[in-house]
Amino acid sequence: MEHLPEQKVRGNRFAKAFGEAMLALHRAPGLWRNIGENILDGLKMAMAILPSILSIGLLGLVLARFTPVFTWLGYLFAPFAWVVGLDDPLLAGKASATGIAEMFLPATLAAGHESLELRMVIAIICVSAIIFFSALVPCILATSIPVKLWQMVVIWFQRVALSILIATPLVNLVL
């Protein structure tokens, strides 16, 4: 797509803007056609992303349940959880570490814990970590964005550590 410089407006800017808006309105497809196209695009996108989310999410769940991989990774976050005084720092660390595989895996690990504080902090980490292998990482790697995999892992680690340190005092204020 070629860049077209913006035209300088002479005279009444509101009238020019209104005229441009009316022109865009006339070029736009009808409401029902637009709704149909958006629903179709959403379905195509869901079908393209769903297999990766399900397969990597299942793999992450299997690794978390039947291997010590996330327990080992959790030792990186346990000191942060211990510093802020979370009830079970090792569980918090392990749950936080599973977020690299899939966004909501940490919540599944912490769901049965009796501490509301821990569950709330883990819920915040699920949302704030935002970098996970089931969707975001493949999407970024498929683009021309100059970010390497190791850089995304470092960013993920920093986000999780800071989320633990920031979310825990805030949760304690609420409870």
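Reading the values: rules and limits
Residues numbered from 1 in each chain as written. Predicted model: local features only at pLDDT ≥ 70, side-chain atom pairs only at ≥ 80, totals over all residues. Heavy atoms only, no water. Helix = DSSP H or I, 4+ residues; strand = E, 2+ residues; numbered from the N terminus. Expected span 1.5 Å × (residues − 1). Bend = angle between axes of the 7 residues up to and from the residue. Buried < 20%, exposed > 50% of the residue type's maximum accessible area, 1.4 Å probe, protein only. Contact = heavy atoms within 4.5 Å. Axes fitted to C-alpha atoms, helices over the stretch in contact; angles between N-to-C directions. Parallel < 35°, antiparallel > 145°, perpendicular 65-115°, else oblique. Left-handed = near helix turned anticlockwise from the far one by under 90°. Nonpolar A, V, L, I, M, F, W, Y, C, P; charged D, E, K, R; others polar. Salt bridge = Lys/Arg side-chain N within 4 Å of Asp/Glu carboxyl O.

J.: What exactly am I supposed to notice about helix α8 (residues 149-174) here?
T.: Because the α-helix completes a turn every 3.6 residues, residues three or four places apart line up on one side. The first and last C-alpha atoms of α8 sit 36 Å apart over 26 residues, in line with the 38 Å expected at 1.5 Å per residue. At alanine 167, α8 is bent by approximately 25 degrees, the largest bend along its length, and proline proline 169 sits one to four residues beyond. Met152, Trp156, Val160, Ala161, Ser163, Ile164, Ala167, Thr168 and Val171 are the residues of α8 that are buried. Against α3 (69-83), α4 (89-98), α6 (116-129) and α7 (136-141) lie the buried residues of α8.

J.: Can you help me understand the environment of arginine 27 in this one?
T.: Take arginine 27: it is sitting in helix α1 (residues 13-27). Taking the C-alpha atoms as reference points, arginine 27 and isoleucine 125, 98 residues apart in sequence, are found 44 Å from one another.

J.: In this structure, what is going on with the environment of glutamate 2? I would like to understand it.
T.: Here glutamate 2 lies in the segment before α1. Counting along the chain gives 150 residues from glutamate 2 to methionine 152, while the straight-line C-alpha distance between them is 32 Å.

J.: Where do I start with unusual backbone geometry in this structure?
T.: Peptide bonds are mostly trans, and most non-glycine residues show a negative phi. Positioned with a positive phi, isoleucine 130 is a non-glycine residue whose angle comes to about 55 degrees. Relative to the helices and strands, isoleucine 130 is located in the loop between α6 and α7.

J.: Please clarify how the packing of α6 against α8 should be interpreted in this entry.
T.: The description of two packed helices rests on the angle between their axes and on the distance between the axes. Closest axis-to-axis distance for the α6/α8 pair is 9 Å, and the angle between their directions is 140 degrees. As the angle between them shows, α6 and α8 are arranged oblique. Crossing geometry of α6 relative to α8 is assigned as right-handed. For the pair α6 and α8, contact is made by Glu117, Met120, Val121, Ile124, Ile125, Ser128 and Ala129 and by Trp156, Arg159, Val160, Ser163, Ile164, Ala167, Thr168, Val171 and Asn172, respectively. Residue composition of the contact of α6 with α8, by class: 10 nonpolar, four polar and two charged.

J.: Before we go on, may I ask you to explain the pattern of salt bridges in this structure?
T.: Once the charged atoms of two side chains with opposite charge are near each other, the side chains can pair. The tally for this structure, following the rule as stated, stands at two salt bridges. In this structure, glutamate 20 engages lysine 16 in a salt bridge whose closest nitrogen and oxygen atoms are separated by 3.5 Å. With glutamate 20 and lysine 16 both in helix α1 and four residues apart, this pair spans about one turn of that helix. What makes glutamate 20 partly exposed here is its relative accessible area of 42%. Residue classification places lysine 16 among the partly exposed positions, given a relative accessible area of 43%.

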